[in-house]
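Results of the structural survey
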Amino acid sequence: MDHDKRSERRGVRWLLVVAAALVALVAATSAQGKSTKASADPVTLKVFDANNDPGPNAEQIELIKRFEAANPGVTIKRTSVPFNNFLNTVKLNLSSSDAPDVSDGNQGPQIDGALVKGKLITPLTDYAKKFGWNKLWTPTTLAPNTFSADGTQFGTGTLWGVSSRAEIVGVYYNKTKLKALGMGVPKTFADFEKILAASKAKGQPPFMIGNLDKYPGGHYMMTLADHYSSPAALRNWVFGRKGATFDTPAVRKAAAKLQQWAKAGYFENSFNSVKDSDAQARFAKGEGLFVISGPWVNGGFATGLKDNVGFFLLPPEVAGGPTKATGSVSLPIHISSKSKNPEMAAKFLNYLTTAEAANIILQKGDLPARPLTNPKVDPKSSIASIVAAWRKTSQSPNLVPYMDWPTPTMFDTLMGGVQSLMAGQKSPEDFTKSVQDDWAKYHKG
Amino acid sequence: MTAVSEPTQPPRPVTGRGGRVRRSARAGRAPGSPRWVGLLYLAPGVIAYVLFVLAPLGNNLWLSFFNWDGITTSTWAGLDNYSTVFHDSQIRGAFYHSLVLIFFYSVLPVILGLLLAATMSHMRVRGLATFRAILFLPQVISTVVVAITFQWLYADTGPLNQMLRAVGLGSVARGWLGDFDYALPAVGLIGTWISTGLCMVLLMAGVQRIPITLYEAARVDGCGAIREFFAITLPGLRNELAVVLTITIIAALRSFDIIYVASLGGPGDQTLVPSLVIYRDAFRNNAVGLASAIAIVLTVIILAVAFIVTRLVEDRAK
Amino acid sequence: MTGRLDKAMTYSILVLFSVIALVPMALIILEAMHPAGELQSGFSFPSSINFDTFRQAWNVGHFGDYLLSSLIVAVSVVAGATVLSVLSGYALGAMDTPFRDAIFYIFLIGLVVPFEAMIVPLYYNFRDLGLTETYWALILPQLGLSLSFGTFWMRAFFLSAPTELMEAARLDGASSLTVLWRVLVPLAKPAITTMMVLLFLFTWNDFLLALVMVDSSDSHRTAPLGLSNFQGRYSTDIPSLAAGAVIVALPVVIVYLFLQRQFIRGMLSGALKG
C-alpha cells in the first residue's frame, strides 16, 4: 500500500513536471513572439503594408533601409501581405493588442471607415500642419484619405492617412508587338479598338490578364466606365453622395463593351483561372500586347521589358477630347492609435513624402504621390508617360476615384460581378443593378 | 475541410452501444470512494471544453442576434440576420454549393468504396496493409498542400490539360478553376481525391468482418453477385457506411481550406461556400452578426444531417 | 467461385486508386526539383535530382520558423489533450460518475459542430484578452476541440477494459488514480498512441484557426498558414512553391508512415467500437 501511494505520488509529480515544462515552453516562446517594445532609445516600429507587387515591394525595402540609416536607434519590422489577405486582416491587426505602429489602409467604408469608427487610427491634422502635408497636396487630392470624425462621411472632414505613391490606371503596351501590327499609339477609342481586333486576328488576344484574384478585371471596367460616363457623376457615387447611381445607360454601355471584348476573345485564354502575379510576370517576359492597370505593376514590367514597355491613357472618343481615367493617391498609411511611438511613426510617414523618397519610388519605376518639379526619368520610358498622365489628370475634373470604395461589400460585389460579366454569365443590366443595389443598401437614409 | 476531420467515429452513440454493454457499476470505485470522484477527474477537461468550445458556441448564437462590425458597439438585430441568410441569393447559393460538394466529397467516394467492397467481399487481398497505407495518404496531407497542388494541376497550362491535349482532347482543356461551369465540380473532385481513400479503407475493413459463411450460404441458394451485394454486403456495412457518410458529409458542409486556397470562392461566386462567407463577413465586410447567423444555420444543418444519417443507416441491432 | 473476374477487378481498383492517390504528390515532388524561379508552365521532368530549391525555399520562406511554430502548438495540444482525455475518458468509461451519459453527449457536440461556429467569438474574445498573435490562441481552442475526440476515444477504451484487473486492484485498496495509472494506462498504450497521432495530425494540419488568429506576422504562423502566405508572395515560382508544399507535408507524412500500421488498425477498431 505504501508502494501504491508512493508510485501514485510519483505519477502525479511527473504529470505536474510535464505540465509545468509545457507552460514554461509556451510562455517563453510567446514572449519571444511578441515584439520587443523598447523604452527610450532604441525604438522599434512595426510596419504593415500591402506592397506585394515587385515594384512597390522593392521600394518599401529601400525606403525602410534609408530611414533606418538616417535614424540610428530605430529599427523597422516590416510585414507585407498580398492585397486580398490584406483586406482580410488589416482591421484585425490594428485592433489587436500587438497592433503595428504604421499600417496601410484602404480608402472607403470597408477599411478606413471602420478604422475611424473604431478609433483605431490617429487623426493626422496636427502632423499635417507640422510637416506641411497640407501644402504639398490640394484638398481634392487628399479627399480620399479623409473621413468625418465619426467615420460616417467619406471624402470629407479629418485627414487620417498619408499616401506615399499615386495611382492612375491606363494601358501598358509592348512596343515591339504594337509596331509589328503596323500601328502606333491610338489617338481615339475607335483606333484603340482597331488595334484590339488586329491583334486578335493575328491569333493573339491583346489583353494579358489574370483575374483569379478578382480585382484586375475591375480596372478594365472602371476605365471603360470613365470613358462612357461623367467623371463628376462617378465621383459623387464613389463618395456616397445622395442621389448618385451606378445604374445609368452610360455605365451599362461600358459594361456591355467589356462583355463584348471578352466575347470577342480579347482577353488571355482562361483568364479567370490565372493569377494576377502570373499574368504580370508573363507580360514582363514579353507575352501579350496590352495590360490595363496602374503604376504598381510598372516596376516589374520595366525590369522585364526595359524600354520596350510604354503607357498611355485610354484615348477619348474624339481626338483631342478629354482623357478620363481612374486614379487617386495610393493606399493611405495610418498611425495606429495604440502605437507607443506615434512621433517616430509620424516621422516615418513624413519621410515617405520627401523628395528623396519620391526619387527612390521613381527610380523603381513607380509613381510617387509627391508632386514632382523635375522628375529625372528617361523620356522614352513608361514611367515618364505615367508621370505625365498623372500630372495632366490629377488636378483635373477628369480623374475618377476607385469604384470599389463606396461600401464595405462593394469590393466583392463589383469585382465578382466583373468576373461574371466578362464570362458572359451576367448581363450588363444585371451587373450595374447589382452594384447599385449594394450601394443603395449601405447608403439608405 | 481539415485533412482528417474526424477519422472514424459516428457523431453520437446509438443506444445499445457504448453505454450499456458493460459490467457492474461497482467495478470503478473502491469501497467507500464517493461517486463524485469521477466528477473530479472530469473537471479539468470539462472546464477546458466549456471555455473553448461551448462558451464560444453560445457566444456565437448570441452574436447572431446583433449587428456588429467587430470594432464599435453592436446594435440589436433580432432575427434580421437570419432573414438575410434565407433571402440573400448569394448566401443561399453558398449553401447550395455545399450540397453539390456533398456529392463529390461523400456520395462519390462511398460509391467507389462500395464498389471495392463488393469485389473483394469474399477474397483475401494480398498486400492489403500496403494498399491501405497508400489509399489513406491523401487524408494525412495538409489541405493547403493539397489545394496548392491541385491549383497547379488544374491550371490552363498545367499537367491535367497537358495530358488532355496529348490525347487529342485539347478542346476540353481549360483553366478549370476559372471556368464558371466547371469550377465547382473541379473543387469537388479535390474532395473526392481526399475522401475516397478513407471510404475505401473503412469499407474494406468492414467487408472483411462479414462472415464468409453468409456468402457461402447465399451461393448455395443460387444467388447472383448483384443480389449478394444488396442482400449481404450492403446490410453488413451499415455501420461503416453511417460513419463514413457522416464524416464526409460534414466535411463537405464545412469545407473551407481547399476553396480559400484554390479558388477564393470564384470565379464570381461559383465556388462560394458557407464557411467562406462566414470568414469574409466576420473579418472583412464588417458583418459579424450575419456571419454568426450563417454559422448557426450551418451547425443546425450539420446536426440534422448527422442525426438523420445515423438514424437511417446505422444498424441498431448490432 | 471467387472468380478471376472478382480478383482482377479488386486489384485493378486498388492499384488504380493507389496510383491516383500518389500521382499528384509525386508530380509536386518532381516539380520541386526544378531550379527555383523558373516560370513553369505545366509539368516537365526535372533535368536532374537536386534539392537546391528545397534549401532556397526553406531560407527564403522561413519554413524553419513555421515548422517550429507548428511543433510547439501540436506538442502542447497533444500533451494537454492526452492527459485530459485519459482523465475524462476514465471518469466516463470506468467510473460510476453521475450524469456520465449526459456529459458524454455534451462532449460529442464538439465532434459534430463545425469549427466555423466557434471561431468568430473565439477571435474577438481572444483579441480583447490580448491573446491573438500568441501560441495560446492556437493551443487553447484546439485543446478544447480535441477533448471531444479524445474523451470519446478513451472512454471507448475504458469501457472495454478488463474489469477483473480493476476489481483486483480495488480489492487491494488501490485508489482510483492508482488503478488508472498502474493498471489501465499500460494497457491503453496502443489506444493512447493512436489518439496522440490522430490529434497530432488534426492540429498540425489546422489552417482556419491559424489564419484567423496569427496571420499578421511571421512570428507565430504555423506551417500550413506559412505555406499559404508563401504562395501569396511567390506564386509564379512554381518549383519553390512545390518545395514549400513538400516541406510542410513531410513531417506528418513521416509520422504517418512510421506508425501507419498501428495507426490504421487503431482507427478501424475505434470506428466500430464507438
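So, how was this worked out
Residues numbered from 1 in each chain as written. Chains lettered and ligands numbered in written order. Predicted model: local features only at pLDDT ≥ 70, side-chain atom pairs only at ≥ 80, totals over all residues. Helix = DSSP H or I, 4+ residues; strand = E, 2+ residues; numbered from the N terminus. Buried ≥ 20, exposed ≤ 12 C-beta atoms within 10 Å, placed from the backbone. Contact = placed C-beta atoms within 7 Å. Pairing = 2+ DSSP bridges. Axes fitted to C-alpha atoms, helices over the stretch in contact; angles between N-to-C directions. Expected span 1.5 Å × (residues − 1). Arc of directions from axis to C-beta. Nonpolar A, V, L, I, M, F, W, Y, C, P; charged D, E, K, R; others polar. Left-handed = near helix turned anticlockwise from the far one by under 90°. Parallel < 35°, antiparallel > 145°, perpendicular 65-115°, else oblique. Core = buried A, V, L, I, M, F, W, Y, C linked by C-beta atoms within 7 Å. pLDDT = per-residue confidence, 0-100. Right-handed = clockwise from strand over helix to strand, strands pointing away.

Counting its secondary structure elements, chain C contains eleven helices and zero strands. What you see in chain C, going N to C, is helices and strands ordered as α-α-α-α-α-α-α-α-α-α-α. Across the 274 residues that make up chain C, the buried fraction comes to 61%. Counted over contacts in chain C with a minimum sequence separation of 6, partners at least 24 positions apart contribute 76%.

Turning next to the overall build of chain B. Secondary structure assignment for chain B yields 13 helices and two strands. Residues classed as buried in chain B amount to 58% of the 318 residues present.

Below, the discussion takes up the sheet that holds strand S7 (residues 170-174) of chain A. All names here are of chain A. The strand order S8-S7-S9 describes an open sheet built from three strands, whose pairing is antiparallel. Each having just a single partner strand, strand S8 (290-293) and strand S9 (309-312) make up the two edges of the open sheet. On average, each strand axis in the sheet is tilted by 25° relative to the strand beside it, whichever way the strands run. Examined bridge by bridge, S7 and S8 share four bridges and lie antiparallel to one another. Paired with tyrosine 173 across the strands is phenylalanine 290, a residue of S8.

Below, the discussion takes up helix H19 (residues 428-442) of chain A. Residue and element names in this part refer to chain A. The end-to-end C-alpha distance of H19, which contains 15 residues, comes to 22 Å, matching closely the 21 Å that a straight helix rising 1.5 Å per residue would cover. Listed as buried for H19 are Phe431, Thr432, Ser434, Val435, Asp438 and Trp439. Considered in projection along H19, the buried side chains sweep an arc of 160° and stay on one side of the axis. Exposed and oriented more than 90 degrees from the buried face of H19 are Glu429 and Lys441.

Contacts between chain A and chain B engage 26 residues on the former and 22 residues on the latter. Sorting elements by how many residues they give to the side of chain A that touches chain B places helix H3 (residues 83-95) of chain A first, with six residues.

Before going further, it helps to examine the environment of threonine 310 of chain B. Relative to the assigned elements, threonine 310 of chain B resides in helix H13 (residues 288-313). Sequence-wise, threonine 310 of chain B and arginine 238 of chain B are 72 residues apart; in three dimensions their C-alpha atoms are separated by 9.6 Å.

Attention shifts here to the interface of chain B and chain C. Counting from both sides, the interface comprises 99 residues of chain B and, opposite them, 94 residues of chain C. Ranked by the residues each element gives to the side of chain B that touches chain C, the list is headed by helix H1 (residues 36-63) of chain B, at 17 residues. Taken together, the residues of the side of chain B that touches chain C break down into 63 nonpolar, 26 polar and ten charged.

Residue and element names in this part refer to chain A. Running from amino to carboxyl end, helix H2 (residues 54-70) crosses helix H16 (residues 355-363) at an angle of 145°, the nearest separation of the two axes being 9 Å. Both H2 and H16 take part in a crossing whose hand is right-handed. Only Ala357, Ile360 and Ile361 of H16 make contact with H2, whose side of the interface consists of Glu59, Glu62 and Leu63.

This part is about the packing of helix H10 (residues 215-228) of chain A against helix H12 (residues 249-263) of chain A. Residues and elements named next belong to chain A. Where H10 meets H12, the axes come as close as 8 Å, and the angle between the chain directions of the two elements is 135°. Viewed along their axes, H10 and H12 adopt a mutual orientation that is oblique. For H10 against H12, the interelement crossing comes out right-handed. For the pair H10 and H12, contact is made by Tyr220, Met221, Leu224, Ala225, His227 and Tyr228 and by Ala250, Val251, Lys253, Ala254, Ala255, Lys257 and Leu258, respectively. Here the residues of the contact of H10 with H12 sort into ten nonpolar, one polar and two charged.

Moving on: unusual backbone geometry. All names here are of chain C. Backbone geometry places phenylalanine 99, a non-glycine residue, at a positive phi of 65°. When you line up the elements, phenylalanine 99 lands in the loop between helix H3 (63-93) and helix H4 (100-112). Here phenylalanine 99 falls in the exposed class, since 12 other C-beta atoms lie within 10 Å of it. If you check the backbone angles, glutamate 133 has positive phi at about 60° while not being a glycine. Checked against the element boundaries, glutamate 133 lands in the loop between helix H5 (116-128) and helix H6 (135-159). The exposure class of glutamate 133 is buried, given the 27 C-beta atoms found within 10 Å.

With 17 residues, helix H10 (residues 238-254) of chain B extends 24 Å from end C-alpha to end C-alpha; this agrees with the ideal 24 Å at 1.5 Å per step. Burial within H10 of chain B is extensive, with 16 of its 17 residues counted as buried.

Take the nonpolar core next. Of all hydrophobic cores here, the largest spans 203 residues; its most connected members are Leu203, Val244 and Ile294 of chain B together with Tyr90 and Ala245 of chain C. With 17 residues, the top contributor of residues to this core is H6 of chain C. Apart from the residues lying within four places of it in its own chain, the contact partners of isoleucine 294 of chain B are Val85, Ile91, Pro274, Val277 and Ile278 of chain B.

Right, let's get into the confidence of the model for chain C. Mean pLDDT over chain C stands at 86; residues scoring 70 or higher make up 95%. Among the scores for the predicted complex, ipTM is 0.89 and pTM is 0.85.

All names here are of chain A. Taken in spatial order, the three strands line up as S6-S10-S12 in an open sheet, and their pairing is mixed. At either end of the open sheet lies a strand with only one pairing partner, and these are strand S6 (166-168) and strand S12 (399-400). Relative to S12, strand S10 (residues 325-329) runs parallel, the two being bridged by two bridges. Within S12, the position partnered with threonine 326 by the bridge is valine 400. On top of the sheet, helix H17 (residues 382-393) reaches S6, S10 and S12; it is set at about 90° to S6, its chief contact.

Right, let's get into the confidence of the model for chain B. In the predicted model, chain B carries a mean pLDDT of 84, and the fraction of residues at 70 or more is 88%. Below a pLDDT of 50 lies the segment residues 1-32 of chain B, which in the model reaches 84 contacts outside its immediate sequence neighbourhood of four places, other chains included.

Residue and element names in this part refer to chain A. As paired elements, strand S1 (residues 43-49) and strand S2 (residues 74-80) share seven bridges and run parallel to each other. Opposite aspartate 49, over in S2, you have serine 80 as the bridge partner. At this point the chain moves from S1, through H2, to the parallel S2, and the crossover so formed is right-handed.

Glancing now at the environment of alanine 186 of chain B. With respect to the helices and strands, the residue alanine 186 of chain B is situated in helix H7 (residues 183-208). If we ignore the near neighbours within four places in the chain, the residues touching alanine 186 of chain B are Tyr154, Trp176 and Leu177 of chain B.

Okay, the environment of leucine 87 of chain A next. Residue placement: leucine 87 of chain A occurs in helix H3. Sequence separation of leucine 87 of chain A and alanine 50 of chain A is 37 residues, and the distance between their C-alpha atoms is 9.0 Å. Discounting chain neighbours no more than four positions away, the residues touching leucine 87 of chain A are Asn106 and Phe411 of chain A together with Arg284 of chain B.

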